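Chain by chain, the residues run as shown.
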Amino acid sequence: MAVRRSLVARIVTHACIIIGVILSLYPFYWLIVMSTNTTAEIFDYPPKLTFGPHLLENIGKVMASIDLLSALANTLFVSLACAVLVMFFDSLAAFAFAKYNFPGKNVLFVILIATFLIPGSLSLVPSFVLMSELGWVGRFEALIIPGAANAFGIFLLRQFATSSIPDELVESSRIDGAGFWRTYWHVGVPMLRGGLAFLGIFTFIGAWNDYVWPLIILVDPKQQTLQTALQTLNSIYITDYSMVMAGALISVVPLIGIFIIGSRHFIANIAAGALKG
């Protein structure tokens, strides 16, 4: 009886997982379907659920309408810069919060957590005024520097550091004469690779998909990021939805590649931690 219940539980669990995967993948499937058909075929009834032969044609329309390669290069540069800076500064702060004692540590951490309560939209006007005072309006610095560190990443990596970096290892490093920077680089960073992989993916995707702030801060069409460039594909009167979906597909493909590359490190470190445990 117990074996039968276990078998039924496994079947139900796997069925739920399969259904969840199908529901998660269906939007991507539908995006590809719309990207490979014409706008008229998208609005057919019943809807066409098979791939069409118009993908290259739709991509050609996108490239003829916007400077796609320049927008991709701009977005890649901004996203990589944000991800690298966030991983560095957040891991640095998280390591200090987790493994070192200093005056005001708890108060600073409470203030840091309190910033989660502030909606990001409230900072748009003050941030724009600050960027204007610095002379960064219309420059990539305004997209990169304000996002070089965030409370979420510090909190996440602090939790990783607290649970995965033994205090004895840090103490041994101190006894061997290593200072803060050497301990951080040789002890903290290797132990935080799983968290850094996740944070890097999360930050890269967030910067890649950011639309409102680049729309506000960038003024030169040659500096457009991908999301702001794709927005211009929407016409006031007539919208070629097959072209818009092809542009959306182009913007999604690099994210899938980044996720596949980064998730390997994330999953490998989780598996290694499980084996050690």
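In what follows, the accompanying structure is described. (Residues numbered from 1 in each chain as written. Predicted model: local features only at pLDDT ≥ 70, side-chain atom pairs only at ≥ 80, totals over all residues. Heavy atoms only, no water.)

### Notes on the layout of surface pockets
- Looking at the largest pocket, its volume works out to about 1,200 Å³.
- As for the largest pocket, its lining consists of 37 residues, and the residues nearest its centre are Ser-123, Pro-146, Gly-147, Ala-149 and Asn-150.
- Mapped by element, the contributors of at least two residues to the lining of the largest pocket are helix 4 (68-99), helix 6 (124-134), helix 8 (151-164), helix 11 (193-209) and helix 12 (212-217).
- No other element matches the six residues that helix 11 contributes to the lining of the largest pocket.
- For the lining of the largest pocket, a count of residues per class yields 23 nonpolar, 13 polar and one charged. (1 Å grid on protein atoms, 1.4 Å probe; cavity = no way out; pocket = protein on both sides within 12 Å on 5 of 7 lines; lining within 4 Å. Points joined across faces, edges and corners; volume = space filled by probe spheres on them. Helix = DSSP H or I, 4+ residues; strand = E, 2+ residues; numbered from the N terminus. Nonpolar A, V, L, I, M, F, W, Y, C, P; charged D, E, K, R; others polar.)

### Some remarks on helix 8
- The terminal C-alpha atoms of helix 8, which comprises 14 residues, lie 20 Å apart, in line with the 20 Å expected from a rise of 1.5 Å per residue.
- Of the positions making up helix 8, those classed as buried are Ala-151, Gly-153, Ile-154, Leu-156, Leu-157 and Ala-161.
- In this fold, the buried residues of helix 8 make contact with helix 4, helix 5 (105-114) and helix 11. (Expected span 1.5 Å × (residues − 1). Buried < 20%, exposed > 50% of the residue type's maximum accessible area, 1.4 Å probe, protein only. Contact = heavy atoms within 4.5 Å.)

### Structural notes on the nonpolar core
- Ranked by internal contacts, the top residues of the largest apolar core, which has 22 residues, are Val-62, Ile-66, Leu-68, Leu-226 and Leu-233.
- Those residues in contact with Leu-68, other than ones at most four positions away along the chain, are Val-62, Met-63, Leu-226 and Ile-250.
- Within the second largest apolar cluster, 17 residues are counted, among which are Leu-157, Ile-165, Tyr-184 and Val-187. (Core = buried A, V, L, I, M, F, W, Y, C linked by side-chain atoms within 4.5 Å.)

### As for a nonpolar patch on the surface
- A surface patch of nonpolar side chains, about 640 Å² in accessible area, is lined by Ile-17, Val-21, Leu-25, Phe-28, Ile-256, Phe-259 and Ile-260.
- Elements represented by at least two residues in the nonpolar patch include exactly helix 1 (2-35) and helix 14 (241-276).
- Sorting elements by how many residues they give to the nonpolar patch places helix 1 first, with four residues.
- Tracing the chain through its elements places Ile-256 in helix 14. (Patch = residues over 30% accessible without salt bridge, like charges linked within 9 Å, V, L, I, M, F, W, Y side chains within 5 Å. Areas by Shrake-Rupley, 256 points an atom, 1.4 Å probe, with all protein chains shown as cover. Salt bridge = Lys/Arg side-chain N within 4 Å of Asp/Glu carboxyl O.)

### Side note on the pattern of salt bridges
- What the rule picks out here adds up to six salt bridges.
- Taking the shortest distance from any N to any O, the salt bridge between Lys-61 and Asp-240 comes out at 3.3 Å. Remark: Asp-240 occurs in the loop between helix 13 (226-231) and helix 14 and Lys-61 occurs in helix 3 (residues 55-65); sequence separation between them is 179 residues.
- For Lys-61, a relative accessible area of 30% puts it in the partly exposed group.
- The partner of Lys-99 in a salt bridge is Asp-167, with the nearest N and O atoms 2.8 Å apart. Of this pair, Lys-99 sits in helix 4 while Asp-167 sits in helix 9 (residues 167-175), and the two are 68 residues apart along the sequence.
- Using a relative accessible area of 12% as the deciding quantity, one classes Lys-99 as buried.
- What makes Asp-167 partly exposed here is its relative accessible area of 48%.

### Focus on the packing of aromatic side chains
- This structure, assessed with the given rule, holds 20 aromatic pairs.
- Ring centres 5.0 Å apart and planes at 40° place the aromatic pair Phe-152 and Phe-202 in the tilted group. Remark: Phe-202 occurs in helix 11 and Phe-152 occurs in helix 8; sequence separation between them is 50 residues.
- Its relative accessible area of 45% is what places Phe-202 among the partly exposed residues.
- With a centroid separation of 6.5 Å and 10° between ring planes, the pair formed by Phe-180 and Tyr-184 is classed as stacked. With Phe-180 and Tyr-184 both in helix 10 (residues 180-191), this residue pair falls four residues apart, about one helical turn.
- A residue is classified by how much of its surface remains accessible, and Tyr-184, at 3% relative accessible area, is buried.
- Ring pairing ties together the aromatic residues Phe-88, Phe-89, Phe-95, Tyr-100, Phe-180, Trp-181 and Tyr-184, which thus form one cluster. (Phe/Tyr/Trp six-rings, centres within 6.5 Å; stacked < 30°, edge-to-face > 60°.)

### A few points about the packing of helix 4 against helix 8
- It is at 8 Å that the axes of helix 4 and helix 8 come closest, and there the two elements cross at 50°. The angle between helix 4 and helix 8 falls in the class oblique. As helix 4 runs across helix 8, the sense of the crossing is right-handed. Along the contact surface, helix 4 presents Asp-90, Ser-91, Ala-93, Ala-94, Phe-97, Ala-98 and Lys-99, while helix 8 presents Gly-153, Ile-154, Leu-157, Arg-158, Ala-161 and Thr-162.
- In the contact of helix 4 with helix 8, the residues fall into seven nonpolar, three polar and three charged. (Axes fitted to C-alpha atoms, helices over the stretch in contact; angles between N-to-C directions. Parallel < 35°, antiparallel > 145°, perpendicular 65-115°, else oblique. Left-handed = near helix turned anticlockwise from the far one by under 90°.)

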